[in-house]
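Reading the structure
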Amino acid sequence: MKVTLSIIKADIGSLAGHSTVIPEQLQEASNKLLVAKKSGLLTDFHVTHVGDDLELIMTHLKGIENKEIHELAWDTFIHVTETVSKRLKLYGAGQDLLATAFSGNVKAMGPGVAEAEFEERISEPIVVFMADKTEPGAWNHPLYRIFADPFCTAGLVIDEDLHDGCIFRIMDVHKNTTVDLRTPEESYDVLALIGNTGRFVIQSIFSKKNNLLGAVASTSKLSLIAGKYVGKDDPVCFVRAQHGLPAVGEILEPFAFPHLVAGWMRGSHIGPLMPVSIKNAKCTRFDGPPRVSALGFQLANGMLVGPSDMFDDPAYDLARSKANEIADYLRRHGPFMPARLGAEEMEYTTLKKVLDKLKTRFNKSN
Ligand code: F6R
Ligand code: MG
Ligand code: MG
């Protein structure tokens, strides 16, 4: 049976400031999706949030980029904005809804999308990752480690079905082009690209054996859609697990290291990506630190069994504590690079205005 998993997310307003989605928003979104499930459009759904991003996790039989499914997500975001965010004057109500009317595909309209159609296996474990206060390039490091680093994924060495390696589809977000690269033979080329997290982003990964889909990430860049930066496009991705793909534990392993990502306060800083449970998926210190949550599901004929909140676990205490230590260290740098991003990556900047103001006061240096 072929099933489609569509994860569509947007920041449509939060409490307080850019901190967290509220229960009323989750409830209104669930009400909308329940109607779609009863009508048969959706097979199943789960509504959640990470930080100020509302996440719609949906299964159906309609394939990717389906107009009805995308319209359902769009209408849900509009509905929650109108009935909750605006009424309660939540901060940034409707922020990511950049278009005035639905035009067939939410991808170009503000929300982030990770979706794929695949044959549901005899048993289909899936982990959904959702992050706030960062960008799609934040997945590059963990996805590489999951699918190409034998020091993370033992299966690359000792599982016959993974031993041949993987194919990485990498997107150049500036040129809107993709390239397929093979690991392990082209690992250094993969790293040459994805080490530049602001420009090259992993879009999907397949295992070479049977061309099995392993992972899909959201790659929309709000900055490029709007022609200017309008908010870091807090990303989502999902990874299929087990039986010829990395095990769930191998998929979670990279997050024991809170690597540095771009985003955090005003989308203009670097910070550690802290793994947290959904109950702790709200942004506080310096509007962060950037956070990631992971929900584990089993698919059963398209039904989402679960979720299990994977980072709600003392095994990630050390990573959280390390993340807080790194956050503390970085914040002592105040406005100085590299804790603050370079001019071309900053979401907010006053540099041009300051330079214009001081133009006549610059003298030729000897
Ligand atoms: C970062 C983010 C926040 C805001 C910050 C200022 O992605 O959402 O850090 O950038 O709170 O927000 P405004 O400009 O809305 O006052
Ligand atoms: Mg916000
Ligand atoms: Mg956000």
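The structure displayed is predicted, hence computed values, not measured ones. (Residues numbered from 1 in each chain as written. Chains lettered and ligands numbered in written order. Predicted model: local features only at pLDDT ≥ 70, side-chain atom pairs only at ≥ 80, totals over all residues. Heavy atoms only, no water.)

Summarising the metal site, the magnesium ion (ligand 3) is bound by the protein donors Asp-52 (OD), Asp-53 (OD), Asp-132 (OD) and Asp-234 (OD), whose distances to it range over 2.0 to 2.2 Å. Here the donor residues of the magnesium ion (ligand 3) share one chain and are spaced in sequence as D-D-x78-D-x101-D. A separation of 5.0 Å is found between the magnesium ion (ligand 3) and the magnesium ion (ligand 2), which share Asp-52 as a coordinating residue. Of this pair, Asp-53 sits in strand β3 (residues 53–60) while Asp-234 sits in the loop between α6 (222–226) and β10 (236–240), and the two are 181 residues apart along the sequence. Take Asp-53 and Asp-234: they sit in the same class, and that class is buried. (Donors = N, O, S within 2.8 Å, 3.2 Å for Na, K, Ca; no water. Helix = DSSP H or I, 4+ residues; strand = E, 2+ residues; numbered from the N terminus. Buried < 20%, exposed > 50% of the residue type's maximum accessible area, 1.4 Å probe, protein only.)

Bound to the magnesium ion (ligand 2) are the protein donor atoms Asp-11 (OD), His-18 (ND1) and Asp-52 (OD), situated 2.0 to 2.3 Å from the metal. Read in sequence order, the donor residues coordinating the magnesium ion (ligand 2) give the pattern D-x6-H-x33-D. Among the residues examined, Asp-11 registers a relative accessible area of 2% and is labelled buried.

With that out of the way, let us pick up the packing of helix α1 (residues 23–38) against helix α2 (residues 67–85). A pair of packed helices is characterised by two quantities: the angle between their axes and the separation of those axes. Two numbers describe how α1 lies on α2: the axes approach to 9 Å, and their chain directions differ by 140°. As α1 runs across α2, the sense of the crossing is right-handed. Across the interface between the two elements, Glu-24, Gln-25, Glu-28, Ala-29, Lys-32, Leu-33 and Ala-36 of α1 pack against Leu-72, Asp-75, Thr-76, His-79, Val-80, Thr-83, Val-84 and Ser-85 of α2. (Axes fitted to C-alpha atoms, helices over the stretch in contact; angles between N-to-C directions. Left-handed = near helix turned anticlockwise from the far one by under 90°. Contact = heavy atoms within 4.5 Å.)

Turning our eyes to something else, we now look at the domain arrangement of the chain. Domain assignment breaks the chain into domain 1 (1–119) and domain 2 (121–345). In this structure, domain 1 and domain 2 have C-alpha centres spaced 21 Å apart. Residue-level contacts link 36 residues of domain 1 with 38 residues of domain 2. Roughly 2,800 Å² is buried in total at the junction of domain 1 and domain 2, and carbon and sulfur atoms are behind 68% of that figure. For the pair domain 1 and domain 2, the interface holds one salt bridge. Where domain 1 touches domain 2, the interface holds ten residue pairs in polar contact (both at pLDDT 80 or more). Those elements that provide at least two residues to the side of domain 1 that touches domain 2 are β1 (2–10), β2 (44–50), β3 and β4 (112–119). When residues in the side of domain 1 that touches domain 2 are grouped by element, the largest group, seven residues, is from β4. (Domains from an automatic or database assignment. Buried area = accessible area lost by both parts, 1.4 Å probe. Salt bridge = Lys/Arg side-chain N within 4 Å of Asp/Glu carboxyl O. Polar contact = N/O pair within 3.5 Å; in protein donor to acceptor, adjacent residues only side chain to side chain.)

A few words on the site of ligand 1. Looking at ligand 1, the residues that line it are His-18, Tyr-91, Lys-133, Trp-264, Met-265, Arg-266, Gly-267, Asp-287 and Tyr-348. Taking Arg-266, its main chain carries an N or O atom lying 3.0 Å from an oxygen atom of ligand 1. One of the side-chain nitrogen or oxygen atoms of Tyr-348 is found 2.3 Å away from an oxygen atom of ligand 1. Protein chains shield 78% of the accessible area of ligand 1, which is 410 Å² for the free molecule. Its residues placed into classes, the shell around ligand 1 shows four nonpolar, two polar and three charged. (Near = heavy atom within 4 Å. Areas by Shrake-Rupley, 256 points an atom, 1.4 Å probe, with all protein chains shown as cover. Nonpolar A, V, L, I, M, F, W, Y, C, P; charged D, E, K, R; others polar.)

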